[in-house]
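Here are the chains, one letter per residue:
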Amino acid sequence: MTPPSGRAVKKAAPTKKTAPAKKKAAAPAKKKAAAPTKKKSVAKKAPAKKKAAAVDRTRRETGFTRAQIKRYAQLSPFELKSVLIDTAERAIASSRPGAIGAEMLNAGRGNPNWNATAPREAFYALGHFAVEECRRVWTADDLGGMPEKAGVGARFETFVRRHPEMPGIYQLLDCVNYAVDRFGLDRDTLLHELADGITGDNYPVPDRILTCTEKIVGGYLADEMYGGKPPRGLQLFATEGGTAAMCYIFDSLMKNGVLHKGDRIALMTPIFTPYIEIPELDTYGFDVVYVQADMYTEKGVHAWRYPESEVAKLADPKVKLVCLVNPSNPPSMELSDRVTKQIQGIVAKKNPNLLIVTDDVYGTFVDGFTSIASALPRNTLLVYSYSKHFGATGWRLGVIGLAEDNVIDELIAKLPRKEKDRLAKRYGTLSLEPAKMRFIDRMVADSRQVALNHTAGLSTPQQVMIDLLSLFGMRPEGHAYKQKVQAIVRRRLDLLMEGLGSGWKISEDAGRACYYIELDLLGEAERGYGPEFAAYLEKTYEPIDPLFRLADQTGVVLLNGGGFDGPEWSVRVSLANLDDLDYLKIGHHLQQIFAEYLEEWRAGGK
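Presented here is an overview of the structure given in this document.

Reading guide: rules and limits
- Residues numbered from 1 in each chain as written.
- Predicted model: local features only at pLDDT ≥ 70, side-chain atom pairs only at ≥ 80, totals over all residues.
- Heavy atoms only, no water.
- Helix = DSSP H or I, 4+ residues; strand = E, 2+ residues; numbered from the N terminus.
- Buried < 20%, exposed > 50% of the residue type's maximum accessible area, 1.4 Å probe, protein only.
- Axes fitted to C-alpha atoms, helices over the stretch in contact; angles between N-to-C directions.
- Parallel < 35°, antiparallel > 145°, perpendicular 65-115°, else oblique.
- Contact = heavy atoms within 4.5 Å.
- Nonpolar A, V, L, I, M, F, W, Y, C, P; charged D, E, K, R; others polar.
- Expected span 1.5 Å × (residues − 1).
- Arc of directions from axis to C-beta.
- Pairing = 2+ DSSP bridges.

Tracing the sequence through the fold places Lys70 in helix α3 (residues 66-72). A residue is classified by how much of its surface remains accessible, and Lys70, at 53% relative accessible area, is exposed. Each C-alpha atom of the pair Lys70 and Glu542 lies 6.2 Å from the other, and the pair is 472 residues apart in sequence.

Turning next to the packing of helix α10 (residues 241-255) against helix α17 (residues 439-446). For any two helices packed against each other, the geometry is given by the interaxial angle and the distance between the axes. At their nearest, the axes of α10 and α17 sit 9 Å apart, and the two run at 105° to each other. Overall, the two elements α10 and α17 adopt an arrangement that is roughly perpendicular. Counted together, Tyr248, Ile249, Asp251, Ser252, Leu253 and Lys255 of α10 and Phe439, Arg442, Met443 and Asp446 of α17 form the full contact between these two elements. Tallied by class, the residues present in the contact of α10 with α17 amount to five nonpolar, one polar and four charged.

For helix α13 (residues 337-349), built from 13 residues, the straight-helix expectation of 18 Å at 1.5 Å per residue is met to within 8% by its first-to-last C-alpha distance of 18 Å. All of the buried residues in α13 are Val339, Thr340, Gln342, Ile343, Ile346 and Val347. On an axial view of α13, the arc spanned by its buried residues comes to 160°, and they lie on one face. Opposite the buried face of α13, by more than 90 degrees, sit the exposed residues Asp337, Lys341, Ala348 and Lys349. On its buried side, α13 packs onto β5 (264-269), α12 (308-311), β10 (355-359) and α14 (372-375).

Here three strands make up an open sheet; going across it, the order is β13-β16-β15 and the pairing antiparallel. Pairing within the sheet leaves two strands with one partner each, and these edge strands are β13 (516-520) and β15 (559-560). Strand direction decides the pairing type here: β15 and strand β16 (residues 570-574), joined by two bridges, are antiparallel. Looking across to β16, one finds that Asn560 is bridged to Val571. Here helix α20 (residues 521-529) sits on the sheet in contact with β13 and β16, set at roughly 50° to β13.

Here it is, written out as structure tokens:
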């Protein structure tokens, strides 16, 4: 989105044109009572000067008027980011006074700047084996056949011996051996699924998730999400990333009469913005209850934890669904055991049909992480994405997990006869007994408008990559990789805080994932310099003014925390996507901007 081109300079012209009109209006007043008129004009002009000074200061420091900045605040953080990127790029290109360096520092998006290389090498090695299998069956110039299952295990062993120098070949062999040993998979069955899958010459069958893939991914989730204790009969649906999973869940809950337009749901905030925006769409129009993480460790220092009184909102039986990101986005805090136990108690005694959607993409960044899906498997839809941990955002790899014994299937079974008849007609072309279709299979059908169910499913090459990432993650090399990526984001947080200086404080918490950090600038202003300074900022500037100053003066791009239902004056810094020392610079730049506000206040704002 491109900012208005006129900005400060062009806006000044109308002010000059209106000046004569003011003089004409004042003339009649002088005839009757000149003195009172003068008094009145003085009283009006003083605040106008003060307001004009504030507007001029906003323009001078950001290149935008306060009105323009206020208008941009209506945008989603991810759309506002485009405006800030454009601002930063223009500032650097035009060498505005104060613009630092020749490179923009965009810490606005959480795309990691690392990736897992070993499973990728294994993927490419597997591709060479799969092509050889195709040519073995049928060769006519560039035409090949389809990989065959019989004897594929033995042929793979031969292939490995013939290509010991091939990058990734032993990683691939180790993954295959691990899958066979841990999950009891037949070697020919596994290798045929892998070779055929990476070739992509068949529709995904089963459409929900490939047979071996479901077992492999189930094992990975058991280790990383369920604390080693997954529910019996964990059903999985492979999706095009966590975003597709969100869409499928909301859509199918509505299509199956589990949720209705206008129903009451809850969001545990701050939270990933789409969870805020989807319920507001006219498709859903949900009545949203916000469960806010508004606890403090001390004045101005957020704990980003949920008070008991906030969690208690979920006890209302009218609340049909609660969504959370765990660890949270952007505070990056793991859900505490205290809150998990409180929700367990609510489900046990007051709201047994409460549905939980937990988005646990950042779980691997906390040692010993356990999802709420482990504590409440019957009520919980688990969403996991491979994008952040493995640096695989472009692959679009995600999964939905739901226990075989679940509340959703029970609610569908208890629907009124009219609703059951409607659903029987909807899914009647897929099964002679549509009433017996499980919710997770209905999601698959709904993802392709039911009529295209026969072509549903995540592409098979994507599912093969999920296999290899999961198998790598479960093995010792994957454990070492996990420690590395955790260390990266923690180191970057330390550098950011070093750049900010010793005056800034964040809570010390073992549950901090460190993938993002949310900094409340207004809270810091009050904690460090008193309520008068904080009041001055609120009165004089828009909450996103610091973001425009950063972009315009330093080339730094951050996101507004208010867009995640966090404090309006907070900012989100991604600790995943820039080089380590860039975070030291960002800390310095943010501190400089903060010092500017302080200087302005001391110079005349008090």
